[in-house]
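A look at the structure
In case you want the letters, here they are:
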Amino acid sequence: MRLRFLGTGTSTGVPQIGCTCPTCISTDVHDKRLRASALVSIGDKNLLIDCGPDFRQQIIEAGAPSLEAALLTHSHYDHVGGIDDLRPYCHKKANGFPLYCRPDVAEDLRNRVPYCFRTHLYPGVPTFDITEIGDAPFMVDGIKVTPLPVMHYKLPIVGFRIGRLAYITDAKTIPDSTYRLLYGIDTLVINALRRKEHLSHMTLDEAMAAINRIKPRITYLTHFADAIGKQAEVEPGLPDGIRMAYDNLTIEIPE
């Protein structure tokens, strides 16, 4: 199994428009971050996690691989704003492109892109086959996916466990029941927005506390704001086994 980080930035991306902080004006490619999304590959099957407004650019840079489905963590724009750009994939699926998401996310999508769900569709619009998920594991083309409920301030959202990989983004707190679902993972991906306290996202210290409780073999931090600092300056100070992800990084997860 492989995971490619399509984007590792927060909702504004890095650089942020109009910002001249040291991170935003950095010329290091590791400090150029599109909105957070990832591609999980198992054999010849590919699952997309989130589909933000940078999706078209991201998937082209990844070689435009086939996609079996998309798993959506929640409906904030930086995680679903690229849904319309899935239309080339929609046209290859008889019943529409498969999306797996919570019921509240499904409702938001039907309101956000209603032209994709009307009885009489305009020719060429993307069409979707939504499967509403709860807390129970589900199967996607023979791949077992376990939802990981977390809280994004007061909003319930989900991460996903696939095999020994766990992908969590936009979490502020993790319930005890979800910590139990994380037992035995090898690779953890988790958000760490910045060092300063934030209402709805884990800080770097909060992410560290979660990592210490989960105890994966290796962790990749993601969903960074520019305030996290330059990768070349921050990553050397992280504990062993904890790294900063960056756009287009590909990692392998053992079985």
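Residues numbered from 1 in each chain as written. Predicted model: local features only at pLDDT ≥ 70, side-chain atom pairs only at ≥ 80, totals over all residues. Heavy atoms only, no water.

Points about the overall build of the protein chain
Applicable threshold: Every helix listed is a DSSP run of H or I at least four residues long, and every strand listed is a run of E at least two residues long, numbered separately from the N terminus. Our radius of gyration looks at C-alpha atoms and nothing else; its globule reference is 2.2 Å times the residue count to the power 0.38. Burial status follows relative accessibility: with a 1.4 Å probe on protein chains alone, a residue under 20% of its type maximum counts as buried, one over 50% as exposed, and anything between as partly exposed. Residue burial considers only the protein chains on display, and all accessible areas are found by Shrake-Rupley using a 1.4 Å probe. Working convention for charge: Lys and Arg count positive, Asp and Glu count negative, and His plus the chain ends are omitted. Taken as the charge centre is NZ of Lys, CZ of Arg, CG of Asp or CD of Glu, depending on the residue.
Of regular secondary structure, the protein chain possesses seven helices and 14 strands. For 255 residues, the compact-globule formula gives about 18 Å, and the C-alpha radius of gyration of the protein chain, at 17 Å, lands near that figure. Seen through its principal axes, the protein chain has C-alpha atoms that stretch 55 × 40 × 35 Å. Taking all 255 residues of the protein chain together, the buried fraction comes to 54%. For the protein chain, the accessible area works out to roughly 11500 Å², and carbon and sulfur atoms hold 51% of it. Each charge class in the protein chain can be summarised by its mean position, and for the 28 positive and 30 negative side chains these summaries are 1 Å apart.

Here we look at the pairing of strand S5 (residues 97–101)
Each regular strand displays side chains that alternate between the two surfaces of the sheet. Using the following cut-off: Only strands joined by at least two bridges in the DSSP assignment are considered to pair.
Most of S5 is tucked away: five of the five residues are buried. Burial along S5 is two-sided: Phe 97, Leu 99 and Cys 101 facing one way and Pro 98 and Tyr 100 facing the other are all buried. With two bridges joining them, strand S4 (residues 69–71) and S5 adopt parallel strand pairing. Bridge assignment links Leu 71 to a residue of S5, and that residue is Tyr 100.

Here we look at unusual backbone geometry
A cis geometry characterises the amide bond from Val 14 onward to Pro 15, with omega recorded as 5 degrees. Its identity as a non-glycine residue notwithstanding, His 223 has a phi of 60 degrees, on the positive side. Among the secondary structure elements, His 223 is positioned in the loop between strand S12 (218–222) and helix H7 (231–234). Here His 223 falls in the buried class, since its relative accessible area comes to 1%.

Side note on the sheet that holds S4
Using the following cut-off: Under this scheme, a helix contributes an axis fitted over its contacting stretch, all axes are lines through C-alpha atoms, and angles between N-to-C directions fall in the 0 to 180 degree range.
Here we have seven strands laid out as an open sheet, ordered S6-S5-S4-S3-S2-S1-S14, and mixed in their pairing. Strand pairing shows two members of the sheet lacking a second neighbour, strand S6 (128–132) and strand S14 (250–252), which therefore form its edges. Mean inter-strand twist for the sheet, computed between neighbouring axes without regard to direction, equals 25 degrees. Alignment of strand S1 (residues 2–7) against strand S2 (residues 37–42), held across five bridges, turns out to be antiparallel.

Concerning the side chain of Asp 170
This is how it is decided: Whenever Lys or Arg places a side-chain nitrogen within 4 Å of a carboxyl oxygen from Asp or Glu, that contact is recorded as a salt bridge. We define a polar contact as two N or O atoms separated by no more than 3.5 Å, with the added condition that, inside protein, one atom must be a possible hydrogen donor and the other a possible acceptor, whereas residues neighbouring each other in sequence contribute only through side-chain atom pairs. In what follows, a contact means two residues having at least one pair of non-hydrogen atoms within 4.5 Å.
Turning to its location among the elements, Asp 170 is positioned in the loop between strand S10 (165–168) and helix H5 (176–181). Buried charged residue Asp 170 carries no salt bridge. Nearest counter-charge: Arg 112, at 11 Å. A distance of 3.1 Å separates the side chain of Asp 170 from the side chain of His 79, its partner in a polar contact. Look past the residues within four positions of Asp 170 in its chain and what remains in contact with it is His 74, His 79, Met 151, His 152, Ile 157, Asn 191, Ser 200, His 201 and His 223.

As for the pattern of salt bridges
Going through the model one piece at a time under the given rule, you end up with eight salt bridges. For the salt bridge of Lys 172 with Glu 206, the shortest nitrogen-to-oxygen distance reads 3.0 Å. Residue Lys 172 is located in the loop between S10 and H5, and its partner Glu 206 is located in helix H6 (residues 204–214); the two are separated by 34 residues in the primary sequence. Among the residues examined, Lys 172 registers a relative accessible area of 14% and is labelled buried. Through salt bridges with shared partners, a single ionic network connects Lys 172, Glu 197 and Glu 206.

Focus on the environment of Asp 28
When you line up the elements, Asp 28 lands in the loop between S1 and S2. A C-alpha to C-alpha distance of 8.5 Å links Asp 28 and Ala 232, two positions 204 residues apart in sequence. A distance of 2.8 Å separates the side chain of Asp 28 from the side chain of His 30, its partner in a polar contact.

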